Each structure stands twice: as structure tokens, then as C-alpha cells.
Amino acid sequence: MRDPGGGMLQRRFSGGVPVLRIYSCTVEHHQLALVVLAALICLASAVTGMLLMRRALVVGDRRWIMGAGGATGFGLWSTHFVALMGYRPDLPATYRLMPTIVSLGLAIMTVTAGLWLAARYRGRGASTLGALVVGCGVSAMHYVGVEALALPATIRFEPDLLALSVVLGVAPLEPALRLMRAQRRIELSCILLFLGVVMLHFTGMAAIVLIPSRMDDAGRTLLSAQTMSTLTGVAATLVILICLGALALARRTDALLRAGEHQFSILARNISDCALYMLTPDGRVANWNTGAERLKGYVEGEVVGQPFEIFYTPEDRAQGTPAMVLAHAAREGLYRGEGWRCRKDGTRFWAHVTLEQIHDDDGRIAGFAKITRDMTRLKEDQDRLAAMKAQRDTALGNMLHGLALFDASGRLVLSNSRLAELWDIAGARVVPGISLVSLVALMVEGCEGVDRAFVATMLQQAIMAPPENPSQSVIVECGDDFIVSVSSRRLEDGGWVATFSDVTERRRDEARIAHLVLHDLLTGLPNRENFKIWAVGEMELAAQRDMQFAVVAINLDGLRVVNDTHGQAFGDHVIRELGARFKAVCGKGERIARLGSDDFVAGKMVGDEAALWAFIDRLKACFQTPIEEQGLSVDVSACMGVAIFPRHGGDPNTIFNNADLALHRAKDSLGQDLCLFDPAMDEDKRSRRQLAVDLRGAVERGEMRLLFQPQHSLKSGALIGYEALARWHHPVRGVVSPDIFIPIAEETGEIFAIGEWVLSEAARVAIHWPSHLKVAVNLSPVQFQQGDLLQRLIAVVLDAGVSTRQIEFEITESAIIADRTKALYILRRIKALGISIAIDDFGTGHSSLDTLHAFPFDKIKIDRFFLRQAATSSQAVAIVRAVLALGKSLDIPVLAEGIETEEQIAFLVAEGCEQGQGYYYGRPQNAPSREDLGRAFPPPTIEGIAGAGQ
């Protein structure tokens, strides 16, 4: 068909009702003779498959299912390609070899799988599942087969007809497979299978849309129409022959079944050594044979119609055993069991019972066939044997190891069950008399991923040539998942006794422990010890090669903030992600380890500094991309310190320490994230370490002094209190600045003793002051880490006897940031006692309005830096004004530190500041005298205030 312009029509069967489109495709675009031939092949395939499946269901052999699936799949494939040969697209057509072969494989495999599912499992769901597998497989075969059609056009499919073809192909198969399983109305199941395949094919052919295009099958194997005709003719002939063979087999099978049933009826009626009879579906005796009468003592007239539970003991009847047995047979189709049964005279015998479900020709349950054998004598013999073996089995069975006893000729005499269990050998295969070589061969059968011949040799040597020391064992690795310990000992008669122990888990635990000992649990990176061992070897190698070895200490910035903000789980994710990035950038001869929470260390042997800086750049690149998880994203940065062997030290410990010193210098330097070790750093560290040693016990030795700096009202000049300031009088160094010893005290924990001493001394002095004067005492952020801080502060104040209203604690916002909830709780408890709380150094470091909002402070202190800069910096003036305005709006008094001139006082008063302290009012001094307590300064003049305001 061509359009008026001479081109091929793009849509072959578009528009209209689907039924009409299918009809149009079938009648107008197919050769009727080939369509009829395809239909006959399809019908023959359906008949063949159903007859073979009927045989498979009777004999229960899966090979018949495979034969039915292969024959049916091959026939349906032949049907498809015969019908495809009859398709007339008005275009020259050839056939691609590979899709043709693939479609055949799909047909055979999916039809076989679907029939196996329908036959293997019970319930209607099995028929449905099998129908889906067969229908979808045949659909796949159809469309893959269409792809085998090589045309000068692109083949597309209309979605509605494509979907309809699959539905039409699957729908009839469910009742067809259900009838097949019931072995009734086979002819109807054949027709349904035939209809499903035919509707699928022609609906799928109607869905084809041909779009003109050039053929591009270069390099592909194509089959001509003549070749395909020959192949499909051969296939059709094979299908017909298979069908005829299946019909002959079915006819012969039916005849044999009828003859067998007649012979079996005669046999069952006259058999005398076992009870063989039928039960109705509700469990009543339907007939009786000679063996049943002899075994149970009932004649046929007495027992027919009686419930079969009369043969059970009273105990079993009370427990409902007969009903459970009948239900099991009805549910599973078969019940086998043993137990005590009763005769007519009340005596008991041990019976072996088989109860099997029987169906009629229509597949309905007709009843149950019951076979009962008297196994009393056999049970008695078995009980005696079991008693004789009990002691031996108890001893051998309770062993944790597998045991094998061999005679002098190397044959097995005795073994325990653990031996077979250990090597995953069926117990029946480990029998006395088997040779050592054969037993070892059985042992290594299940060994995967190893040279079995080598393992077998190792086992034979371990058994036949044991170590001289009997307490020693030989470890044999039989695979990654199985490691065994073999202990063997020669006997006086020339044989051996060998024991086998599974030490796989022990070796895994040892390996796991060894790994944990040398690796970080969270990231899988090497740990400190692992890195140190490796680095020592690298340094030795570097010395031999006249090279250098660089150690890079790394500390993450802000990890604690990440944990506090997003939770510990997200913090762990950050660490894991960084660990993965570090692994990715480390090459050969490079290693990075995790030392602790946020500390890492990296190492590399370098020949020049260019290689070192390239390595560091790769490490820095790990921090350039934010880390994301579940919608959260954080930027992580780090500081690094570098020390190089042998330039900065001749031994590993020195290099590690120097890298750590460089890291701390980088952290302490503003705007610097990388620092190379300098020898001067070591001197600073030693000095600080010595100061830390000297600071320990300084309070007890009386080296601490307490000075007081006055605080005044700016407007009136009146004294309002003092700030208590600690000074350390070192016996050698003299007075040590608080800026030096306070950070050391916070690092070493001495701040706890010093802080408690300062409060005690300040309270002891303040008790002699007028009640309106306060003493301000600084609380370190580290003190808030004390679990009993609140109790200690209260005890000191109460012990001194000073009024709590005379005490004022000064804190910085960093004291709250570490543990906000705990810090605010402590501050509220302190404030409830009447003690004032002032926020110190406001405007520097961590200062936020949120802190002022979270807690009602009694005073805000402006850091001296801003007042010092106010004379030359408009920004400093703006900050001072902003803090003063904030204090006024919150109704919180503001105290300015660092006042040294009258001009500064005039400026502060003009801006509304109420309080101040500094050298103008007095330097820190010893406890104030009575004269000092009554000293007041003149208020600023109006002219000075006015001038400052301008």
C-alpha cells in the first residue's frame, strides 16, 4: 500500500474499533492458507502439550513436564513463524537469525516454566501464576519474533492493541491450566490454549505500525523467505509428528492404566500382610480387605461405615489425633506416620500408616486410601538397638568435634554425626569401611574457591602423619568460609583416631579483632597504632633512599557544632564521608588514619616539596564539597600541621609531636589553616608544659593573689563595687599574666580549684563592705563542665557568710554555647539565690541577641577594645551605641571596661552608659581599705558631656 505521493503509509491499521482493525489485518494482510496451517500447528501443539502434561501429572515425573513444555513451546514458535510467513506487508522481507533463535528459546523456557509452576504447586494461585508466565513468555516470543522481520521500514506498535494482545493471550490460559491440573475436559483446555495464542498473534500483528526507513542490517545474518519457509515446514512436520506420538502414547497409557487398575483391585482385595482399605472424605471406612481383617480383628460387616478413629488409642482420640491426621492428608495429599493402634480385642500394635488422598476422574476428592502395617516386632528390635547405641551415641553425639576412627588399612571404623555435619556430607555416605582417600574426597566436595586436590593432600597428611606433639593440631584452610583444625593420633594397632574442629569463626574473630585493633570502627581507616607501625617502616625506607617522609596532622573545625546542631548520627555521617573521601584521594605509598573524634593524620614519602604540596592539595580538596545527607548540608573545614622526617626530627615520636605542634599553631592563628613545623614551636610547647606543671598546686602553696578593680557610676561617680581578679606570683618567673595561665588552667583542670579559691577569697573580703557594694567574680566556661558546680558555688557563698546580693558572676557567651540547656539551668538556679549575672566581653567572640533573649542578665559589659577604638573608629562608636541602645531597650544596665580618660566618661554618659571601670578609677589592687570604700569621683561636667555628644 502506498500513499498518493508514492511513499509507504506510516500507519497500517490506525483508527477504528480494535475488533475491526484486527479483522482487517487478519483478512486483508495475511495469506489464508498459511493462516490455516498456523492454526492447525497451534491446535496440534496445544493437544500435544496437554496430553504430555496429563502423563506428567499421572506419573509425577518432571521430565514429562519438560517434554510438554519443549513440545508446546516449539509448536507455538512454529505457529508464530508460519503465521508471520503469511503476513503481507507489501514490502520485501527477510528474517534476522538472532531474534528468531531468541524467540524460540523464550517460547520453550517460559512455557516449560509456566507448566511446571501450574503442576508443582496446589491452589488456584498456581494456575494463575503459570498462566501469567506462559502468556507473558508467548507474548515476548511473539514480539521478539516480529523484530526478526527485516523490512525497509521501522516497526512500531500501537500501545492499545499491544496491551490488548497480551491480555487476550493471558486470559484464556488460567482456566486452561486449571482444567489441565484437574485432568478433566482436556479438549476444552486445548481449545482455550489455542484461542489464547491465536488472539495474541493476530491482535499483535494488528498493532504493527510500519514507518518507511532504510534497512541497516550490515553485519547481521539474514534468512531469506525461502529459507524460513523450509525451516517452518520442517518445524510444522515435527510438531505434527510429536502430536501423533503423544496421541499414541496417551492411548497406550490409558489402556495400561485400565489394566493396572483391574489387577490392582484383585491384588488389594486379597493381600493379607497389611491392612488396605478406603476411607470416605469424612473419615469413615468404605471397604475392607483380608489383611485388615487379620490385623485388626474386625470383619467387613462390623467396620464398614465406622469412623476410622476407632483404631486409635483413647489417648490419641482425646488429643484429636485422628482429625489432625485426616486434615493433614486432605491439605497435603499424603500423610505418613507411626504410632500405637488398637485391635478389636483391645490389644495394641505399633503401626506404620500411609493415608493418601484419592481423586475421581473430575478431580474431586473421592476419599483416602489407607495402608496400615504391623511394625511391632521391628519397633522392638529398633528399641533394643537404640538402647545399645545410646551410650555410644551420647558420647559421640555430644562432642563438639567431628571424630573418625581408622584401622591400620586406612578404612573408617567409626565416626560421629558431627563429622558429617561439619563437612556437610549426607550421613548415609559416611559409612564404616570407606577408605581414607574416599572420605577425604567427600570432605573436599563442598570446598569452594580452593584447590581441592591440594586441600585433600593437606587433610591426608594431617591424619596419617600427625605432629609428634599430640597436643598440636594442623590448620587446613578449606575455603574462605571454612577453616578446620585437624588433630590426629596413632593407635597401637596401627590405626588412627582423628578429630576435626571448625575454627572458622575463631579465625574470623581473630582477624576481626586484629582489624579492630588496627582500624577505626566508624570509617574503616587505619588507627593511630596502625599508622605508627606503617610510618616507622616508611621512615626507615626514606632514610635508605635518601628521601623525606611527611606527616600531616589534621583537625576538623566545628564538628562539635555539627553534632549539637544536627545530632550525633549526622556527625558520624560527616566523619564516614570524609573517611571515604580520604581513601579516594590516597594513592600508592600514601596513608591516612583517624586518631580520634575529629583528628586525622596522613603520611607520604616525598622526594621534594612539590610532591608534598600536591599531596596536601588533594587532602584539602576533600573539604571543598559540602557533605549532604537527608536534605541536610554542611561545609566542613580543617586545620593541618606538617612535619617532615628527617628535617624536623630523627625519630617517629618527634615527628608526630612536631606535626601536632604545627597543627595547634595553625588552629591558634587567625585565617591560617596550614602550618609547617618551626623549631620555635617546640620551645613554646615546653614552656607551656612547664607552666602547667608549676600551676598544679599553686593555690595550696599560696602563690595566688586576689586583686580588686573598682567599678563606679558614671553619672554620680559613686563606687558601686569591685571586680575580683586573680594573679599568679610564680616563684621564678614572677607575676604571670592571666592571659597565659588561665588558658593553661582551663586545659589542665586547675581552673576548678582556682575558681573556687577566687570566689571564697572575694566573698571573705566582701563581707566587710557596705551591703550596697558588689564583688564581681569571673566564671570560666570550663567550670560549667563540673557536675556539682552549683552545689560548690552555694557552699562557698554560705561558708563565707556574705549576702548573695553582694555577689555578681561574670560569664562569657562561650560558657553557654557548649551545653546551652545545662548552662542556662545553672544560671537560673544561681539567679534564684539572689546572685547577679553579668555577660562579659559583649561584642567580641560569640555574642548574639538570642543569648540575651534566653536569659535575663543583670548587666552587660562592653569590652575595652571598643572604647579604646572609639576615638579613631566610627565603627567602634556605632557598636558601643548599639550595645547601649540594646541595654536600654532590654532594661539591662551596661558597664564599660577600659575607661582611662575623662573624655571617655563624657562620651559614655552622653550615650547613656551608666557604669564603668578602668585605670581612670583605679588599677587592680589588694583588698580595699575603709578609705577606698568611701571614695567617690566627681561626676562629669555638663560641658564635657555636651562636647562628647557632638
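Reading guide: rules and limits
- Residues numbered from 1 in each chain as written.
- Predicted model: local features only at pLDDT ≥ 70, side-chain atom pairs only at ≥ 80, totals over all residues.
- Heavy atoms only, no water.
- Helix = DSSP H or I, 4+ residues; strand = E, 2+ residues; numbered from the N terminus.
- Buried < 20%, exposed > 50% of the residue type's maximum accessible area, 1.4 Å probe, protein only.
- Lys, Arg positive; Asp, Glu negative; His and termini not counted.
- Salt bridge = Lys/Arg side-chain N within 4 Å of Asp/Glu carboxyl O.
- Contact = heavy atoms within 4.5 Å.
- Pairing = 2+ DSSP bridges.
- Axes fitted to C-alpha atoms, helices over the stretch in contact; angles between N-to-C directions.
- Patch = residues over 30% accessible without salt bridge, like charges linked within 9 Å, V, L, I, M, F, W, Y side chains within 5 Å.
- Areas by Shrake-Rupley, 256 points an atom, 1.4 Å probe, with all protein chains shown as cover.
- Phe/Tyr/Trp six-rings, centres within 6.5 Å; stacked < 30°, edge-to-face > 60°.
- Parallel < 35°, antiparallel > 145°, perpendicular 65-115°, else oblique.
- Left-handed = near helix turned anticlockwise from the far one by under 90°.
- Nonpolar A, V, L, I, M, F, W, Y, C, P; charged D, E, K, R; others polar.
- Core = buried A, V, L, I, M, F, W, Y, C linked by side-chain atoms within 4.5 Å.

Taking an unreviewed UniProt entry as the reference, the protein chain is identified by name as Diguanylate cyclase/phosphodiesterase with PAS/PAC and MHYT sensor belonging to Novosphingobium nitrogenifigens DSM 19370.

Chemist: Hey, could you go over the side chain of Glu-750 for me, with residue numbers and the actual values?
Modeler: Structurally, Glu-750 is set in the loop between α25 (738–748) and α26 (751–766). The buried charged residue Glu-750 lacks any salt bridge, with Arg-696 as its nearest oppositely charged partner at 4.5 Å. Not counting residues within four places of it along the chain, the set of residues in contact with Glu-750 comprises Leu-695, Arg-696, Gly-697 and Ala-745.

Chemist: Residues and numbers for the sheet that holds strand β10 (residues 402–406), please.
Modeler: Strand order across the open sheet formed by five strands is β11-β10-β14-β13-β12, with antiparallel pairing between neighbours. Among the strands making up the open sheet, the edge pair consists of β11 (412–415) and β12 (474–477). Averaged over all pairs of adjacent strands, the angle between their axes in this sheet comes to 25°, without regard to strand direction. Bridge analysis of β10 against strand β14 (residues 496–502) gives five bridges, and the strand direction is antiparallel. Note that in β14 the partner of Leu-403 across the bridge is Thr-499.

Chemist: Outline a nonpolar patch on the surface, supporting the account with residue identities and numerical values.
Modeler: Taken together, the side chains of Leu-32, Val-36 and Leu-40 define a hydrophobic patch exposed on the protein surface, amounting to about 310 Å² of accessible area. By the element assignment, Leu-32 lies in helix α2 (residues 32–59). The class for Leu-32 is exposed, based on a relative accessible area of 65%.

Chemist: Help me get a handle on the environment of Gly-558, residues and values and all.
Modeler: When you line up the elements, Gly-558 lands in the loop between β15 (548–557) and α20 (559–566). Residues Gly-558 and Ser-637, 79 residues apart in the sequence, show an inter-C-alpha distance of 7.9 Å.

Chemist: Before we move on, can you summarise the packing of aromatic side chains with the specific residues and values?
Modeler: As enumerated under the stated definition, the model contains 22 aromatic pairs in all. Consider the rings of Phe-582 and Phe-623, whose centres lie 5.8 Å apart with planes at 70°: the pair is edge-to-face. Here Phe-623 lies in the loop between α22 (609–621) and β18 (627–629) and Phe-582 lies in helix α21 (residues 568–585), a separation of 41 residues in the sequence. Phe-582 gets classed as buried once you look at its relative accessible area, which sits at 0%. A centroid spacing of 5.4 Å and a plane angle of 80° characterise the contact between Phe-865 and Phe-866, whose relative ring orientation is edge-to-face. The structure contains a cluster of three or more aromatic residues connected by ring pairs, namely Tyr-277, Trp-288, Tyr-298 and Phe-311.

Chemist: Lay out the packing of helix α3 (residues 62–85) against helix α4 (residues 97–120) with the relevant residues and their values.
Modeler: Between α3 and α4, the least distance of the axes is 8 Å, while the angle of their chain directions is 140°. Considering the angle they form, α3 stands oblique to α4. Pair α3 / α4 crosses with right-handed handedness. Across the interface between the two elements, Ile-65, Met-66, Ala-68, Gly-69, Gly-70, Thr-72, Gly-73, Phe-74, Leu-76, Trp-77 and Phe-81 from α3 touch Thr-100, Ser-103, Leu-104, Ala-107, Ile-108, Val-111, Thr-112, Leu-115, Trp-116 and Ala-119 from α4. When its residues are assigned to classes, the contact of α3 with α4 shows 14 nonpolar, seven polar and no charged.

Chemist: For the pattern of salt bridges, give the residues involved together with the corresponding values.
Modeler: Taken as a whole, this structure holds 29 salt bridges when the rule is applied. Between Arg-343 and Asp-374 there is a salt bridge; the shortest N-O distance is 3.4 Å. Of this pair, Arg-343 sits in the loop between β7 (334–342) and β8 (348–359) while Asp-374 sits in strand β9 (residues 365–374); the two residues are 31 residues apart in sequence, bridging distant segments of the chain. Arg-343 gets classed as partly exposed once you look at its relative accessible area, which sits at 23%.

Chemist: Before we move on, can you summarise the nonpolar core with the specific residues and values?
Modeler: A general feature of soluble globular proteins is that nonpolar side chains tend to end up buried together. One finds Leu-695, Trp-769, Phe-784, Phe-809 and Leu-908 to be the most contacted residues of the largest nonpolar core, which totals 79 residues. For this core, the leading source of residues is α26, giving nine residues. The contact partners of Phe-784, leaving out residues within four places of it in the chain, are Leu-779, Leu-789, Ile-811, Ala-815, Lys-822, Ala-823, Ile-826 and Leu-827. The next biggest cluster of nonpolar side chains, apart from the first, holds 48 residues, and it includes Ala-46, Ala-68, Ala-71 and Met-180.

Chemist: Before we move on, could you go through the sheet that holds β9 and cite the residues and values that matter?
Modeler: In a beta sheet, neighbouring strands are held together by backbone hydrogen bonds and run either parallel or antiparallel to one another. A sheet is described by the order of its strands in space; here four strands give the open sequence β6-β9-β8-β7, paired in antiparallel fashion. Looking along the sheet, the strands with just one partner apiece sit at the ends: β6 (275–279) and β7. Between one strand axis and the next, the sheet turns by 25° as a mean value, whatever way the strands run. In this structure, β7 lies alongside β8, joined through nine bridges in antiparallel fashion. Counted as the bridge partner of Cys-342 is Arg-348 from β8. Along the sheet, helix α13 (residues 321–332) makes contact with β7, β8 and β9, crossing β7 at roughly 165°.

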